[in-house]
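Listed below, chain by chain, are the residues.
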Amino acid sequence: MIFFYEELITLEIEESAKCKFDNYIKNNKFKLESGGILIGTLNHAMNKIMITDITEPQHEDRQSRFMFTRREKGHQDIMDTLWENSHYTKTYLGEWHTHNEPSPTPSFVDKRNWIKISERDKNSQWLFFIIVGTREIRVWTVIQGKIVALSKKS
Amino acid sequence: MVNLQKEFLDFHDKIKLSDENTILREKREILLNKLSDNICDEAVTYTTFNQGSYAMGTGIKPEDDDYDIDVGVKFDINKDNYSDPIKVKKWVRDALDGHTKSVEIRRSCVTVTYQKDDEPIYHVDFAIYAAANDDGKMYIAKGKEFSTEENRKWELSDPQGLITTIKDKYKDDDAKQFRRVIRYLKKWRTHNFSSDGNGTPTGISLTILAYNYFSVSKTYDWSKQKDVYDDFTALYNLARSIKNSFSYKWNETDSQWYHTISTDLPVEPYNNLFEKMTDKQLNSFYTKVDTLLTKLDEVKGKDKRSDACAVLIKIFGEDFPSTVDKSMVGTSESASL
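Treat the numbers as computed from the prediction; the structure is a model and nothing was measured.

Turning our attention to the overall build of chain B. Check the secondary structure of chain B and you find 10 helices and 12 strands. The 337 residues of chain B split such that 47% are buried. Partitioning the contacts of chain B with sequence separation of at least 6, the portion at a separation of at least 24 is 64%. When the accessible surface of chain B is split by element, carbon and sulfur atoms take 45% of a total near 16800 Å². Each charge sign in chain B was given a centre, from 49 positive and 57 negative side chains, and these centres are 3 Å apart.

What follows is the structure, given as structure tokens:
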């Protein structure tokens, strides 16, 4: 599954990661909001980013019908393992969560959160935010403080 | 310990001032043209050459954006016909005067200072030589414009011999490691000595210490069929040899023991390059070399790349690359209402 924003960036979600998202849709797992982090690799030369792995809700996270709060614990451990095993090429690339609506749109809390995460120093220049809806998956990124939606390549 | 060769090479790329630096070359060319256009008729023929660290391939970028360019001007004159070397220096000064705010005669050169708005500062130092002498040797003009008689003199000098001596000591990739290690030492100096006064060893004195005590550190990798260089070990061994070359000496005036060092220029006039430093200053130099070694030992003991780099950043400053041993995930919150 490939998304892009103008000529600037291409984002590919690898099959294994996509399967995890698809499972939410297939099994209609939307009663509680779920979420996690996006992990993948950057190819600066080609402006191409691959999402290779995602994490799913961990023990410390808080899930409710209309809210998901992700903690650091658990997710950071998974990130550390992938970081080392990939010889420091796989890195944190953003966030995903579910919305119980067919074609999802970010809420005010989501937007504020995305902007905040994009301003963190230690993060990669490109970060992506995915919302998995009951019918489709949508992707956003933040460019110069503004949230923009990526288009899906058909 | 971790292999840090890549980090050292990245560090070197960041700090080196290469001969191909176009801005420096431009500034030099402009002044050389000006010199040939304006030099007085009395001045006889001359040739110019690059000297200084930049010509030896051991220059580092200045942190304060204060660039030094060293140019040698060889006049085809016999020093015996010019008892006053200041006269010859004035030929150059007068030809360049008015080019920038400041052209001044210093003890060992004529210095042109460039400063435009917030651009970096450039000093172009012209060292003036008499090159057609009875003994076939070269002499540098020393003295300021209003120096007394005894401070104006022609001093034996062999700047080009020095460059060749340094350049020919090693070949090819060995020579590259030699020059890299000299640059590391100079960067260490920038970060560990407070002033530019006599308390700081000069760039040339560090270069000559490396000339005397450096040895190539490499191993042959049979699978890749090539030499693999180890700059960390080369630097470590050099620092240890420098430390060992100090001797312990009683200083009458201070009534104290000091670690002191001396090393001679390998060409004319074969002077001790530490002659301007006091025993006390030399002792402080010794302490700093010792600290360098302790910190390098600390690097050896680190298993994590980021920890090793953190120590090296303390030695060399922020130009040494840091590596992250983590990709931070932070926290996140979302809501659908």
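From this point on, the discussion continues.
This part covers helix α8 (residues 231-244) of chain B. An α-helical turn contains 3.6 residues, so any two residues separated by three or four positions project in the same direction. All names here are of chain B. The terminal C-alpha atoms of α8, which comprises 14 residues, lie 20 Å apart, in line with the 20 Å expected from a rise of 1.5 Å per residue. Among the residues of α8, those classed as buried are D231, F232, A234, L235, Y236, L238, A239 and I242. Against α1 (5-15), α6 (172-192), α7 (203-213), β9 (226-229), α9 (279-300) and α10 (305-316) lie the buried residues of α8. Regarding α8, its N-cap is D230, as a side-chain oxygen of that residue lies 3.3 Å from the backbone nitrogen of F232 further along.

Turning to unusual backbone geometry, a few remarks are in order. As a rule of thumb, non-glycine residues mostly have phi less than zero, and peptide bonds are mostly trans rather than cis. Residues and elements named next belong to chain B. In this structure, the amide linkage connecting E268 to the following residue, P269, adopts the cis form with an omega of 0 degrees. Tracing the backbone through its elements, the reader meets P269 in the loop between β11 (256-260) and α9. The phi dihedral of S255 falls on the positive side, at around 50 degrees, and the residue is not glycine. Position of S255 among the secondary structure elements: in the loop between β10 (247-251) and β11.

Residue and element names in this part refer to chain B. In total, this model carries 32 aromatic pairs over all chains according to the counting rule given. Between the aromatic rings of F8 and F320, the centroid separation amounts to 5.2 Å while the plane-to-plane angle is 80 degrees, which identifies the pairing as edge-to-face. Placement of the pair is F8 in helix α1 and F320 in the loop between α10 and β12 (332-335), with a sequence separation of 312 residues. In terms of burial, F8 and F320 fall into one category: buried. Centre to centre, the rings of Y184 and F316 are 6.4 Å apart; their planes meet at 55 degrees, and the pair counts as tilted. Residue Y184 is located in helix α6, and its partner F316 is located in helix α10; the two are separated by 132 residues in the primary sequence. Comparing Y184 with F316, the two get one shared label, buried.

There is a patch of nonpolar side chains on the surface, built from Y248(B), W250(B) and W257(B) and spanning about 370 Å² of accessible area. You can see W257(B) is positioned in strand β11.

Looking now at the domain arrangement of chain B. Residues and elements named next belong to chain B. When the domains of chain B are assigned, the result is domain 1 (18-158) and domain 2 (169-316). Between the C-alpha centres of domain 1 and domain 2 the distance comes to 29 Å. In this assembly, 12 residues from domain 1 lie in contact with 12 residues from domain 2. It is T58, I60 and E63 that lose the most area in domain 1 upon contact with domain 2, and together they represent 45% of the buried surface on that side. We note a salt bridge from E63 to K187, for which the minimum N-O separation is 2.7 Å. The interface formed by domain 1 and domain 2 includes seven residue pairs in polar contact (both at pLDDT 80 or more). Elements represented by at least two residues in the side of domain 1 that touches domain 2 include exactly α3 (53-56) and β7 (153-157). Considering only residue class, the side of domain 1 that touches domain 2 consists of three nonpolar, five polar and four charged.

Moving on, we get to the environment of E101(A). Residues and elements named next belong to chain A. Relative to the helices and strands, E101 resides in the loop between β7 (91-98) and α3 (108-118). Overall, the relative accessible area of 24% leaves E101 in the partly exposed class. Considering only alpha carbons, one finds E101 and R120, 19 residues apart in sequence, at a separation of 29 Å. Contacts of E101, omitting those with residues within four sequence positions, involve G133, T134 and R135. A distance of 3.2 Å separates a polar side-chain atom of E101 from the backbone nitrogen of T105.

What counts, and at which threshold
Residues numbered from 1 in each chain as written. Chains lettered and ligands numbered in written order. Predicted model: local features only at pLDDT ≥ 70, side-chain atom pairs only at ≥ 80, totals over all residues. Heavy atoms only, no water. Helix = DSSP H or I, 4+ residues; strand = E, 2+ residues; numbered from the N terminus. Buried < 20%, exposed > 50% of the residue type's maximum accessible area, 1.4 Å probe, protein only. Contact = heavy atoms within 4.5 Å. Areas by Shrake-Rupley, 256 points an atom, 1.4 Å probe, with all protein chains shown as cover. Lys, Arg positive; Asp, Glu negative; His and termini not counted. Charge placed at Lys NZ, Arg CZ, Asp CG, Glu CD. Expected span 1.5 Å × (residues − 1). Polar contact = N/O pair within 3.5 Å; in protein donor to acceptor, adjacent residues only side chain to side chain. Phe/Tyr/Trp six-rings, centres within 6.5 Å; stacked < 30°, edge-to-face > 60°. Patch = residues over 30% accessible without salt bridge, like charges linked within 9 Å, V, L, I, M, F, W, Y side chains within 5 Å. Salt bridge = Lys/Arg side-chain N within 4 Å of Asp/Glu carboxyl O. Domains from an automatic or database assignment. Buried area = accessible area lost by both parts, 1.4 Å probe. Nonpolar A, V, L, I, M, F, W, Y, C, P; charged D, E, K, R; others polar.

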